[in-house]
2 protein chains.
Amino acid sequence: MAAKRPKDPRERILRAAVSLFAQKGFSAVGVREIARAAGVNSAMISYYFEGKTGILKDILQEFFARYARVFESVDYSRMSDEECARALIRGLVRFVRDNTDMALVCYNELPLDVPEIAETKAEKMAAMISRIRGLLKKMGLDPENAFLLSVVGLSLISSIFAQFRSRPVLTRLFGFRFDDDYFDRYAEAIATLFLKGVGELSRRGGPRSQR
Amino acid sequence: MAAKRPKDPRERILRAAVSLFAQKGFSAVGVREIARAAGVNSAMISYYFEGKTGILKDILQEFFARYARVFESVDYSRMSDEECARALIRGLVRFVRDNTDMALVCYNELPLDVPEIAETKAEKMAAMISRIRGLLKKMGLDPENAFLLSVVGLSLISSIFAQFRSRPVLTRLFGFRFDDDYFDRYAEAIATLFLKGVGELSRRGGPRSQR
């Protein structure tokens, strides 16, 4: 996964932290370990960030800025409701595919208790749900119904994340190859399930050819 | 949440660990902290378990034993496919409600890299998916289609877990009260979404009265 190493030390620290947090979990990783992986001195981390929690905060900020862009990139005006939903789900799957480690860190850490960033987390979570609300309203859900919006919104987001979270185990169990074709079929299956339910997915026999 | 404290020290250690792991994440918690919360000596933990990882292993075992019982408790023979799905989803939501901390620990830790228990995790994950496969076959999904079974299975399981994971944030954001009525409506909404898709949920205006 290691692309060309950026020159900017701040960027190097962030990348190393994202990768380590995704693999071991935020609390299992120490500042020295991040410094070592980033090829910088520990003091450099204190210079750029408010400690390890500061790094996590920056990762959350960056992640949600990118997440917001996915929603902005779908042009609702020329599409039917169903096309909108499919385009957005496709966009979200690609987004998580292209930012897997970062997405997993945010998804895994959001429910855990890290008091220093409780505020940031609640705020980001609210933004996450409120972004998806636009789609749900378009799909006919009553916008006043906070219960239903949160159930359906979180359900959809979790479904999109599920394969990414379980990737190592799925590779081990079924030998799936996580290539572009896989993710396209994945997005299509999630969209059909979300729009029409499992019955429709059965009738179609699933999206295109299967393994 | 602290019910009557069990006398058995092994049980006390397990309960304390489950609660701490759920709150802070497995790797953020030390053996001494568990001993303190359980009111036992650290040496007692070494006596009963192979360290902290041994405790996690036992939690996984216990969790999946209980999970299996949910599937065994649903009598498929007298129900339609849809009734089966609803009964099973209701059972799973109640199961997670009654074992929230334990369920969150297992859900959160499954994708993380703890080499000592990689084997146990893969095995449990396979069991988790294979249990849900029975339902999916019943719903008409091609049992040879591993891709679709894993996408739909993990999607359903993640949807069931989603509200539990986000409970503190949802309470903060929307003031939801997580009582029995809430979880019944939750199970009903997830089941409708799974069976018929978001369109049907919109038409029905969601399960019963809403906040």
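The preceding data block contains the structure.
Owing to the predicted nature of the structure, the values given are computational and were not obtained by experimental measurement.

Enquirer: Residues and numbers for the overall build of chain A, please.
Expert: The secondary structure content of chain A amounts to 11 helices and 0 strands. Across chain A, helices and strands are ordered from the amino to the carboxyl terminus as α-α-α-α-α-α-α-α-α-α-α. Relative to the compact-globule value of 17 Å for 211 residues, chain A shows a C-alpha radius of gyration of 19 Å, a close match. Projected onto the principal axes, the alpha-carbon positions of chain A cover approximately 55 × 45 × 30 Å. Within the span of chain A, comprising 211 residues, buried residues form 56% of the whole.

Enquirer: Report on the side chain of E33(A), specifying residues and quantitative values.
Expert: All names here are of chain A. Relative to the assigned elements, E33 resides in helix 2 (residues 31-38). Here the side chain of E33 touches K24 through a polar contact of 2.5 Å, side chain to side chain. Residues in contact with E33, not counting those within four places in the same chain, are L20, K24 and A28.

Enquirer: A description of the interface of chain A and chain B should follow, citing residues and the corresponding values.
Expert: For interface size, the figure often reported is the accessible area lost on association. Taken together, the 62 residues of chain A in the interface contact 62 residues of chain B. Summed over both partners, the interface of chain A with chain B comes to about 5,200 Å²; 64% of that surface belongs to carbon and sulfur atoms. Of all residues in chain A, F147(A), R165(A) and V198(A) give up the largest surface area on contact with chain B, accounting jointly for 14% of the area buried on that side. On inspection of chain A and its partner chain B, the count reaches 2 salt bridges. Here R172(B) makes a salt bridge to E119(A), at a shortest N to O gap of 2.9 Å.

Enquirer: Go over the relation of the copies chain A and chain B, please, and point to the residues and values.
Expert: Each copy of the chain is related to the other by a rotation around an axis and a translation along that axis. Mapping chain A onto chain B leaves a residual RMSD of 0.0 Å; the transformation is a rotation of 180 degrees accompanied by 0.0 Å of translation along its axis. Taken together, the rotation and translation relating the two chain copies correspond to the operation of a two-fold axis. Scanning chain A for the C-alpha nearest the rotation axis identifies G197(A), at a separation of 2.0 Å. A symmetric contact is evident, with 100% of the interface residues of chain A recurring at the interface of chain B.

Enquirer: Outline the packing of aromatic side chains, supporting the account with residue identities and numerical values.
Expert: According to the stated counting rule, one finds 41 aromatic pairs over all chains in the structure shown. Pairing F164(A) with Y186(A) gives two aromatic rings, centres 6.1 Å apart and planes at 65 degrees, and the pair type is edge-to-face. Residue F164(A) is located in helix 8 (residues 146-165), and its partner Y186(A) is located in helix 10 (residues 180-196); the two are separated by 22 residues in the primary sequence. Of the residues examined, F164(A) reaches a relative accessible area of 1% and is grouped as buried. For Y186(A), a relative accessible area of 0% corresponds to the buried category. Measuring from centroid to centroid gives 5.2 Å for Y182(A) and F147(B), while their planes differ by 85 degrees, and the two rings are edge-to-face. Here F147(B) lies in helix 8 (residues 146-165) and Y182(A) lies in helix 10, a pairing that spans two chains. Of the two residues examined, Y182(A) and F147(B), each falls in the buried class.

Enquirer: Describe in detail the nonpolar core, supporting the description with residues and values.
Expert: Among the nonpolar cores identified, the biggest contains 160 residues, and F194(A) and F194(B) are the most heavily contacted of them. Residues within four places of F194(B) in sequence aside, it is in contact with L193(A), G197(A), V198(A), I89(B), L135(B), L136(B), M139(B), V152(B) and L156(B).

Enquirer: Residues and numbers for helix 6 (residues 100-109) of chain B, please.
Expert: Most of helix 6 of chain B sits out of view: 9 of its 10 residues are buried. Three or more residues of helix 6 of chain B are buried, namely T100(B), M102(B), A103(B), L104(B), V105(B), C106(B), Y107(B), N108(B) and E109(B).

Enquirer: I'd like a rundown of the environment of K137(A), residues and numbers included.
Expert: Structurally, K137(A) can be placed in helix 7 (residues 118-138). Sequence separation of K137(A) and D81(A) is 56 residues, and the distance between their C-alpha atoms is 9.9 Å.

Enquirer: Pulling in residues and values, what's your account of helix 5 (residues 81-98) of chain B?
Expert: All names here are of chain B. Between its terminal C-alpha atoms helix 5 stretches 26 Å, which fits the 26 Å expected from 18 residues at 1.5 Å a residue. Looking only at helix 5, the buried set comprises C84, A85, R86, A87, L88, I89, L92, V93, F95 and V96. On the buried face of helix 5, the contacting elements are helix 4 (51-73), helix 6, helix 7 (118-138), helix 8, helix 10 (180-196) and helix 11 (198-204).

Enquirer: Tell me about the pattern of salt bridges, residues and numbers included.
Expert: Proximity of charged atoms lets side chains of opposite charge pair with each other. All names here are of chain A. Going through the model one piece at a time under the given rule, you end up with 30 salt bridges over all chains. Here D179 and R177 are joined by a salt bridge, their closest N and O atoms 3.0 Å apart. Overlapping salt bridges bring together E82, R86 and K196 as one network.

What counts and what doesn't
- Residues numbered from 1 in each chain as written.
- Chains lettered and ligands numbered in written order.
- Predicted model: local features only at pLDDT ≥ 70, side-chain atom pairs only at ≥ 80, totals over all residues.
- Heavy atoms only, no water.
- Helix = DSSP H or I, 4+ residues; strand = E, 2+ residues; numbered from the N terminus.
- Rg over C-alpha atoms; globule rule 2.2 N^0.38 Å.
- Buried < 20%, exposed > 50% of the residue type's maximum accessible area, 1.4 Å probe, protein only.
- Polar contact = N/O pair within 3.5 Å; in protein donor to acceptor, adjacent residues only side chain to side chain.
- Contact = heavy atoms within 4.5 Å.
- Buried area = accessible area lost by both parts, 1.4 Å probe.
- Salt bridge = Lys/Arg side-chain N within 4 Å of Asp/Glu carboxyl O.
- Least-squares fit on C-alpha atoms with pLDDT ≥ 70 in both.
- Phe/Tyr/Trp six-rings, centres within 6.5 Å; stacked < 30°, edge-to-face > 60°.
- Core = buried A, V, L, I, M, F, W, Y, C linked by side-chain atoms within 4.5 Å.
- Expected span 1.5 Å × (residues − 1).

Limitation: the analysis is restricted to geometry and does not speak to function.
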